[in-house]
Structure formats: structure tokens, C-alpha cells
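Per-entry structural report
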Amino acid sequence: MAELIVKDVALRLGDNEILKGVSLAVPAGEVVALLGPSGSGKTTLLRAVAGLETPHRGSIAIGDRVFFDAARGIDLPAEERGLGLVFQSYALWPHRTVFDNVAYGLKLRKVPAEEIKTRVEKTLSQIGLGHLAARYPHQLSGGQQQRVAIARALVYEPPVILLDEPLSNLDAKLREEARAWLRTLIVTLGLSAIHVTHDQVEAMAIADRIVLLDAGLIAQEGPPTALYNEPSKLFSAEFMGSNNRLEGKLVENSGGKATIEVMGERLTGLSRTKAAAGEKATGVIRIERVHCASSPGPNRVKMELKAPMYLGERWELVFARDNVTVRAYATAPLEPGDHFVEFPTDALWVF
Amino acid sequence: MPIVVYRLLVLGLTTLAVAAPLSLVIYQSFLTAPFFDPSAKFGFAAYSFVFNDPDFWQAFWTTIVIAGGMAAIAVPLGALLAFLMVRTDVPGRNYLEPLILIPIFVSAVVIAFGYVVAIGPVGIFSTLAKDLIGFVPWNLYSLLALIVIAGLTHVPHVYLYSAAALRGLSTDLEEAARVSGANPFRVAVNVSLPMILPAILFAGVLVFFLGFELFGLPLVLGDPQDVLVLSTYLYKLTNKLGVPSYQLMAVVVVAIIAITAPLVFMQRLLLRQAQRYVSVRGKGLKTQPLRLHGWRWFAFGAIVFWLFITVVVPLFGITLRSFVVTWGEGVKLFDVLTLDHYRELTEYPNVIRGILNTLGIGVIGGAIAVACYTAIALAVHRWNSGWTRLVDYLVMVPRAMPGLVAGLALLWVFLFVPFLSPLKSTMVSIWLAYTIVWLAYGMRLVSGTLLQVGPELEEAARTAGANDLRVKRDVTVPLIKYGMLASWLLVFLIFVREYSTGIYLLGPGTEVIGSLLVSLWGTGAVDLVSALSVVNVVMIGVGLAVAVRLGVRLHG
């Protein structure tokens, strides 16, 4: 199997510029997550790859099979691209049984009936639904329907499987189980996949690489650890994880370190900006990296504890001072009153 | 076959079916004699004849008065009826709903015959009134009676659109008015009805338009006092000069279409506006009915009274008449009871053929018509192209041709095109005329069903490897099966009811109940007409019962 390559794809829906030039590569055997807020164009990009939307610029190809090329006037219809697509709503055909839903792609490929039977049964048992082949979609639970939708897209062994928010219709508990199940399935079968989601935890759990989209452009891409630990832009830093945001003025910016003035105190962090001293800057730090200390020190600010909240496995503490609110986690509640809140330099990014 | 070929084929055939009759009529209107007459030349003689005929202008103004009058009656009553049925706790709403729609499904000629035998000068109710109070307090053969009856029988049309709009409105605005101290009637007049004004306006234009299509009522009720409307003027024109005066008829047809076509276009604009209005306002769908308290039974009584006048009186009249030898003053019911009229029906081979043909056109013709409508709807379904707009307008064109007119135009097509002539005296001609006349209605039914198919179900098949036609065959059509079945039932009902479209096509082999009734009425065979009317009503009643039982929505 060859690499899926998307080059400089731009797409308009009506007057709306949804994609503004997106390039992306999915090597064989890799799972790429398209992550972004709603309206960022991630589903549109997926549909363009599937052949359900037509871009006005760019090209899409797998190896030397060109799916789409605006310059050369090539636009292969969806049915000739041979990809597998799992819809957010599953889109199972209500008038066909589970077996017939899964078998349809093979029937279209004129596979002999005997072989269809063995292949569908094999796929259904891989997803753990071998015993439900005769049921109709409406007789299945949401989680089972989702698995059938995946089986239907897998059965004819497409080079790449496209997943459009496949877990978003499941309730929270089921979603976590399905996430683990899906990752296992993808690894076991060695699939190449593009997985669209707005849930960053899901993206990090399932994907080998994350492509973060913002308003039709790629904001940042890389392995999940890189996206989480080394955001290059304010957008990526704020989109991933849960964060504290500190608005302030840049005091110093040199040697990869930057110092900002917040609440009248100075905090030093890793520089992610080219701005000069005196300009406005924003500090971002993940909630879990904020510490509480008992004494003053570098990068520590005295703040008042407003509200401790019990979350079950830990406590969340809300500190405030001069209209600035900072959240932190703790294993035990603290006494109300003033505390020293530490923002470690290697965890604080200044944009 | 690639999808493009299929689409162009369907588009071409539809254009042909719609445009051929229309262009033949326009062509004929500019000839000085019938098109088959070798002496026919181009000229405006026919136009000047018709436009100088005082009867034409008389008919024209009468039509306007009747159309305006029936809209003035039907619109307020229909809107109020919708408010009562949708928004309040009137007793027995679920049972009343199908009854309210009966006047839409019963043939207008049957209703007209029913009124004649029930409240005509020697009608069943008239003689009863004379026995009780010494005189008949109404005069059926007057323009006023014609307007009132036309108005009352068109209340359901207004009701349908107003009710649909009301169902899309949130109820809290009404509850707010109620809490502020408005009684139910004021709530309706001050709050609910103003909010659905676009829908009511649309219904008003629709009823005014239907006024130009009226044929059965003015033919039966207007004739004895020489009240002519455009459609009956056209019908009488057949015999006016003794020779076939096709060119004159063509001019009248062009005149009618010149009025109805803008009305159809206006309806389209208004409907779109009405839907936009509702979709903006229509949010939460709480269905807590407005409590009428003391008004409850008063409102119920008013609805039942309207039903009595528009449904019970004519249908009871025609049914009773079909079982008696004669009727008049001093006749005792038990002396005159008979089944002879039904026996008599079986003695006329053309009547037997008419009944069988009507069943056939409803069941088989209806099925083929729905298949055609589906083929057209599928051709434009998910077609991203300007051609779909052309189809939109194309299917509207026959709507502007009243049935009588369309039947006439089709007759000419069959006479004009040599290889079609042998089909003229078969049911194929009737089927084609019916299918074209009801094209817009049928398309609306089928497209409504298609709208409910989620696009992702089709996209899933595309990505699985099915081409456009395969997707339609394997996914779209199986998913709209139930909707097609429902459309079939509704098309059956209107095909069985239809009377005006078949009139000009009536001949040995093409008899249907509707056109037979009109021609038998002309010969004065009241006994046969009433028996045959009851047969027609029973067929429609069975169809309606099946539809209600299957839960088919009785409106598109």
C-alpha cells in the first residue's frame, strides 16, 4: 500500500472558504487524526478525500493513483476511489441486515457469493458481532451500530479508512471503551486511517500523528506528545489540554526564555514569540503543571484560594488575584486564604 | 447507462409531455379553422370572435366574482378551523380530521348532484322544509348559493395549509396571550392567525386559483339559470357553431392559462415565503392544547354543522336518491324504495366499462403514474445543476391547465400526431392526460418522501463503490418504498375522483365514471347518475379508509 498525499487543497462551499490550502501525508500503516474546533474544516477535508466534496485547488492521490487534481482536471467519483468511510451518524442502511450492510461493498466488487460469506463473517467476528449478522440496524445498540459501520468500511480492505467522528454519538463511558477497542483494532490489522475528531484526548489516544486545523489551515502537526508538550502557536497550546491563560506585558525576550509581567510580578517561561520587550504577551500553562508552594520563590505568586472543588480522584483549586484566575490540581484540599502559586519555567509558554 | 443519459432522457420526455399539448393549443389559437382543416390559415380571427362575444366577458366576470367570493368564505373559515383543530381541546379531534378532508376527495360533480337532489327545488330537504314551514327558505339555483357552496367545499384546502403552519409554531406565545387575559377567540385572531399570515395568504391565492378550475359545480348548479363561468363557457362552445370550433376553444384555453399561470407562479413564491416564515419561528413543539372550557362544545357544534352542510347533505341526498324511484312533494319514503337504479347500471355496457376503467386507472394507472413521478424526482434528486430549476418550473406548467383544458389539449395531441391516433380511443389517452394534469401534485408527494432520505445513507453507498444509478436502485428507492405506496393511494383517490379531464376524451373504450356522470347528467338520467355517484363515493370511501388505516398522511 502506498502513501496518501493531499497537496494544497482549497475548497469553497458557497461563498465560504472552508479549506484554504491544506497539505498532508498519510504513510501506509499510520493513523492520522484531523483535530480542530467545529468549523475548522476537518470534516470537509475528509469528505474531499472521499470524493464527496470537490475542491477548487490542489490534488489528492494514493501512490500513483490520482484521485483529484484541479490543475489536470481529474476528479475521480467517490465510488471509484475504493476508500472506506465511517460516518458520524453511521449511515447504516435501515432496510438491510447487518450482514447485507457489510456485504454490499463486496457485492459491488462482484466477489463470488461464497467468498462474500466467509469474508463478511470473518470481519464481523473481528469486531465481535458475528452473532448479530441477521439483525437489522435498529435492533442494535449505538455501540454495536458503530462497529457495524466500521466493519462495512473495512471489509473490502481499502488502502485508507476514513473515520468521521465515529465515537461522538456514543455516551461518555462507552466512548472511552470504544476508543481503546478502535485503537487495538487499528494496530492489530495494521490499518492506515484518517480520523476526524474535535476531542483532543481521543486524537492523542488513537493517532500516531495529529494534524491540528484552525479555520481551514493547518495550525500544527506532529506526534501527540509533540503537540501536547511543545505547542508552537498560542492556538495549539490553548486547544490541547486544560490551561491557565495569563495576559501580561513582555519584560524580556532572549535566549529562548521570556519574562512577562502579570499581576505586578515577573514570571519567566519558554519563549514562543518574536515580540520585543514592552509588547503584550500571553502566558499559557497547563493546569496540572501549576504547583502550590508554602513559601515565596522564583516564578511564585501570592494568590488567594477562592474555591476548592472535589472532583473524585483529585481536588481542583481556584486562585484569584487582581482579576486573574488560576486553576490548579491538588491531591488534598488547602486551607482558604493566601498561598504561593508556582509556575515552573519549563512548563510556562510565552506567546 | 451513465446517470447523465438517464437524466437527459427523463428531462426530455417530461418536457415533451408538458410542452406538446400547450404548444398545440397556442398554435391552434392562431389558426382560422381546426388544424386538420386544409383551409386553416394563420390569423387572429378566433381571438377577435371570442373577445367580441359578450358571453365570454360575462363568463369572465362571473368567474372572478365566484373565485373571489369563495376565497372570502373559505379563507376565514379554514383558518379558524385549523386553529380549533390544531391548537385547542375541541372534542373528538382525531376523528374529525379525516372527515374534514372528505370534500377534497369527493368529486365536485357528485357534490353538485347531491345538492340538487337534496336542496334543489324538489329536493329531499326542500320538500321537508316545505312540509314543516310552508315554503323553501333557500334557492339553490342562484349565484349566491353557488358561491357559498364553492366556498364551503374549499374550506379544507385552507385548513390544510393553515394547520401545517400552526403545527410549526411554538405555543408559548399563545399561552402568554391567554395568561394576559385573552379568550380563545381573541388568541386566535390576535396572536396565532397573524403569525401564520403568509400561509393563509398562500391558501387564499390557491382557493382563488381553484375558482378558475371550478367546473362541476357551475355546470350543474349554474346551468339552469344560464350562469356561465370560463370553464363551462368553454364546454358549451363545443356545440355553439355546430361545427368543431377548435380555434375558438383554443383561444378560451389560452385566456384561462393566461390567468392561471401567474396565479400558479404567485403561489410558488408565497409558499416559499410562508415556509421561510415558519422555519424562522418554529422551534419547540410543545403540544399542550389551549383549553376552551365553555367554548369547547360550541366549537364542536360549529365544525359538525359545517360538516353537515358540506358533506352530509349532498352525500346523504345522492345516496337516498339512488334508492328511490322518484321524489317530490307528498311522496312517502317507504312507497318508493327500490334497488332498480343499481340493477339498471349493469344493463349499460358503457357504464360497466366505465366502472372497471375507473378502477383500472386508479389502481394500475395510479401505480404507473407514481413510477413516472418517481423517475422524474430521482433524476433531479441530488443533482447539482441549473437543470433542476427547469424541472421545477416544468412540472408547474400543467398545474395552470384545468383538467377540462388539459383533456382537450391531449385530445388534440392524439388527433395531431399520426402514430398516436390509434391510442386515442384507449385508456392510454386517459392515463396520459391524468398523469400530466396531476404531475405537480405527484411530484410533490414523491419529492417530499425523497427529502427524508439522509444524504449520508447515499454517500455511504458511493464510498462503498456504487455509482449514481446503483445508489438510487440499492439505497434510495428501497428507502422510499413506503412513501411511494402512500403516494400510490393518494393518486388512486384523485384518479378515481377525476371527472373533468376525461370529458373530451370520452368515447367507447375510454369511459370513466367521472366523465360518464357529466355526460349522463346532460341527458337527464338522474336515476343512473345518482346510483353511479354512490358507486364512485364508495370507491373513494374504501380508498380513504385504507389510507387512514395505514396511517397515510392525507396531504402531500
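By convention here, each chain's residues receive numbers from 1 onward along its written sequence. Just so you know, chain letters begin at A and ligand numbers begin at 1, following the order they were written in. With pLDDT at 70 or above as the cut-off, local features in this predicted model cover only qualifying residues; side-chain atom pairs require 80 or more to be listed or tallied, and sums for whole chains, interfaces and linings still use all residues.

Things to note about the overall build of chain A
- Of the regular secondary structure elements, chain A holds 8 helices and 21 strands.
- For chain A, the spread of C-alpha atoms along the three principal axes comes to 75 × 50 × 35 Å.
- In chain A, which comprises 351 residues, the share counted as buried stands at 41%.
- Summarising the internal contacts of chain A: among those between residues at least 6 apart in sequence, 62% fall at separations of at least 24. The helix count covers DSSP runs of H or I at least four residues long, the strand count covers runs of E at least two residues long, and both are numbered beginning at the N terminus. With C-beta atoms placed from the backbone, a residue is labelled by how many other C-beta atoms lie within 10 Å of its own: buried for 20 or more, exposed for 12 or fewer, partly exposed between the two. Note on contacts: each residue gets a C-beta atom placed from the backbone, and two residues are in contact if those atoms are within 7 Å.

Focus on the overall build of chain B
- If you tally the helices and strands in chain B, you get 28 helices and 0 strands.
- Note that the radius of gyration is over C-alpha atoms, with the globule rule given as 2.2 Å times the number of residues to the power 0.38. For 556 residues, the compact-globule formula gives about 24 Å, and the C-alpha radius of gyration of chain B, at 25 Å, lands near that figure.
- Each of the three principal axes of chain B carries a C-alpha extent, and together these read 75 × 75 × 45 Å.
- Here chain B, with 556 residues, has 48% of them falling under the buried criterion.
- Within chain B, contacts between residues at least 6 apart in sequence are counted, and of these 80% link residues at least 24 apart.

Digging into the environment of leucine 469 of chain B
Residues and elements named next belong to chain B.
- Looking at the element boundaries, leucine 469 is found in helix 25 (residues 468–479).
- Using a count of 14 C-beta atoms within 10 Å as the deciding quantity, one classes leucine 469 as partly exposed.
- C-alpha separation for the pair leucine 469 and alanine 406, spaced 63 residues apart in sequence, amounts to 33 Å.

Considering the confidence of the model for chain B
- In predicted models, pLDDT denotes the confidence assigned by the predictor to each residue on a 0 to 100 scale. Across chain B, pLDDT averages 88, with 96% of residues at or above 70.
- Scored as a whole, the predicted complex attains pTM 0.86, and scored at its interfaces, ipTM 0.80.

Topic: the environment of threonine 273 of chain A
- Looking at where threonine 273 of chain A falls in the secondary structure, it is placed in the loop between strand 14 (265–271) and strand 15 (280–286).
- Among residues more than four places away in sequence, those in contact with threonine 273 of chain A are Asn253, Ala258, Ala281, Val350 and Phe351 of chain A.

Overview of the sheet that holds strand 12 (residues 243–254) of chain A
Residues and elements named next belong to chain A.
- The strand order around the closed barrel built from 5 strands is 12-13-14-21-15, with neighbouring strands paired in mixed fashion.
- Strand pairing requires that DSSP identify at least two bridges connecting the strands. In this structure, strand 15 lies alongside strand 21 (residues 349–350), joined through 2 bridges in antiparallel fashion. Following the sheet pairing, glycine 283 is matched in strand 21 by valine 350.

Some details on the packing of helix 1 (residues 3–29) of chain B against helix 19 (residues 349–380) of chain B
Residues and elements named next belong to chain B.
- Every angle, taken between N-to-C directions, lies between 0 and 180 degrees, and every axis is a line fitted to C-alpha atoms, over only the stretch in contact when it is a helix. Axis separation between helix 1 and helix 19 bottoms out at 9 Å; the angle between their running directions is 130 degrees. When the axis of helix 1 is compared with that of helix 19, the two are oblique. Where helix 1 crosses over helix 19, the handedness of that crossing is left-handed. The residues of helix 19 that touch helix 1, namely those facing Tyr6, Arg7, Val10, Leu11 and Thr14, are Ala375, Ile376 and Ala379.
- Classifying every residue of the contact of helix 1 with helix 19 gives 6 nonpolar, 1 polar and 1 charged. Angles below 35 degrees are treated as roughly parallel, those above 145 as roughly antiparallel, those between 65 and 115 as roughly perpendicular, and all remaining angles as oblique. Whether a crossing is left-handed or right-handed is set by the direction in which the near helix is turned from the far one by less than a right angle, anticlockwise for left-handed and clockwise for right-handed. Polarity classes work like this: nonpolar for Ala, Val, Leu, Ile, Met, Phe, Trp, Tyr, Cys and Pro, charged for Asp, Glu, Lys and Arg, and polar for all others, with Gly in that last group.

Some remarks on the interface of chain B and chain A
- Listed by partner, the interface residues are 14 residues for chain B and 18 residues for chain A.
- Per element, the largest residue contribution to the side of chain B that touches chain A is 7 residues, and it comes from helix 24 (residues 455–464) of chain B.

Here's the deal with the domain arrangement of chain B
Residue and element names in this part refer to chain B.
- Partitioning chain B into domains gives domain 1 (1–22 + 341–556) and domain 2 (57–241 + 263–338).
- Using C-alpha coordinates to define each centre, domain 1 is positioned 26 Å away from domain 2.
- Those elements that place two or more of their residues in the side of domain 1 that touches domain 2 are helix 26 (481–497), helix 27 (513–523) and helix 28 (526–549).
- The greatest single-element share of the side of domain 1 that touches domain 2, amounting to 10 residues, is contributed by helix 28. The start and end points of each domain follow an automatic or database-based domain assignment.

Describing the packing of helix 3 (residues 54–87) of chain B against helix 8 (residues 143–153) of chain B
Residue and element names in this part refer to chain B.
- Two elements in contact, helix 3 and helix 8, have axes whose closest approach is 8 Å; the angle formed by their N-to-C orientations is 50 degrees. If you check the angle between helix 3 and helix 8, you find them oblique. Handedness of the crossing formed by helix 3 with helix 8: right-handed. In contact with Ile66, Gly69, Met70, Ile73 and Ala74 of helix 3, helix 8 contributes Leu146, Ile147, Val148, Ala150, Gly151 and Leu152.
- When its residues are assigned to classes, the contact of helix 3 with helix 8 shows 9 nonpolar, 2 polar and no charged.

Things to note about unusual backbone geometry
All names here are of chain B.
- A positive phi angle, near 60 degrees, is found at aspartate 226, a position not held by glycine.
- In this structure, aspartate 226 sits in the loop between helix 13 (216–222) and helix 14 (230–240).
- With a phi close to 55 degrees, arginine 382 is a non-glycine residue in the positive phi region.

Details of the domain arrangement of chain A
- Here the domain parsing of chain A yields domain 1 (4–234) and domain 2 (242–350).
- The straight-line distance from the C-alpha centre of domain 1 of chain A to that of domain 2 of chain A is 39 Å.

So, the nonpolar core
- Joined through C-beta atoms within 7 Å, a set of buried Ala, Val, Leu, Ile, Met, Phe, Trp, Tyr and Cys residues constitutes a nonpolar core. Ala112, Phe113, Val207, Val252, Val253, Ala409 and Leu517 of chain B are the most contacted members of the largest nonpolar core, which has 174 residues in total.
- Looking at this core element by element, the count peaks at 17 residues for helix 3 of chain B.
- Domain assignment of the residues forming this core places at least three in each of domain 1 (1–22 + 341–556) and domain 2 (57–241 + 263–338) of chain B.
- Once you skip the residues sitting within four places of it in the chain, valine 252 of chain B turns out to touch Val50, Leu230, Tyr233, Leu234 and Leu237 of chain B.
- In this structure, Phe87, Ile210 and Leu246 of chain A together with Ala461 of chain B belong to the second largest nonpolar core, which totals 102 residues.

Section: the sheet that holds strand 9 (residues 193–197) of chain A
Residues and elements named next belong to chain A.
- With respect to topology, 6 strands assemble into an open sheet ordered 7-8-9-3-10-11, the strand pairing being mixed. Looking at strand neighbours, the two that pair on one side only are strand 7 (84–86) and strand 11 (217–222), the edges of this open sheet. Between one strand axis and the next, the sheet turns through 15 degrees on average, direction left out of account.
- Across the face of the sheet, helix 4 (residues 142–154) comes into contact with strand 7 and strand 8 (161–164) while running at roughly 170 degrees to strand 7.

Considerations on the environment of asparagine 243 of chain A
Residues and elements named next belong to chain A.
- Within the fold, asparagine 243 resides in strand 12.
- Residue classification places asparagine 243 among the buried positions, given that 20 C-beta atoms sit within 10 Å.
- Asparagine 243 sits 44 residues away from isoleucine 287 along the chain, and the two C-alpha atoms are 5.2 Å apart.
- The residues touching asparagine 243, leaving out its near neighbours within four places in the chain, are Ala237, Glu238, Val284, Ile285, Arg286 and Ile287.

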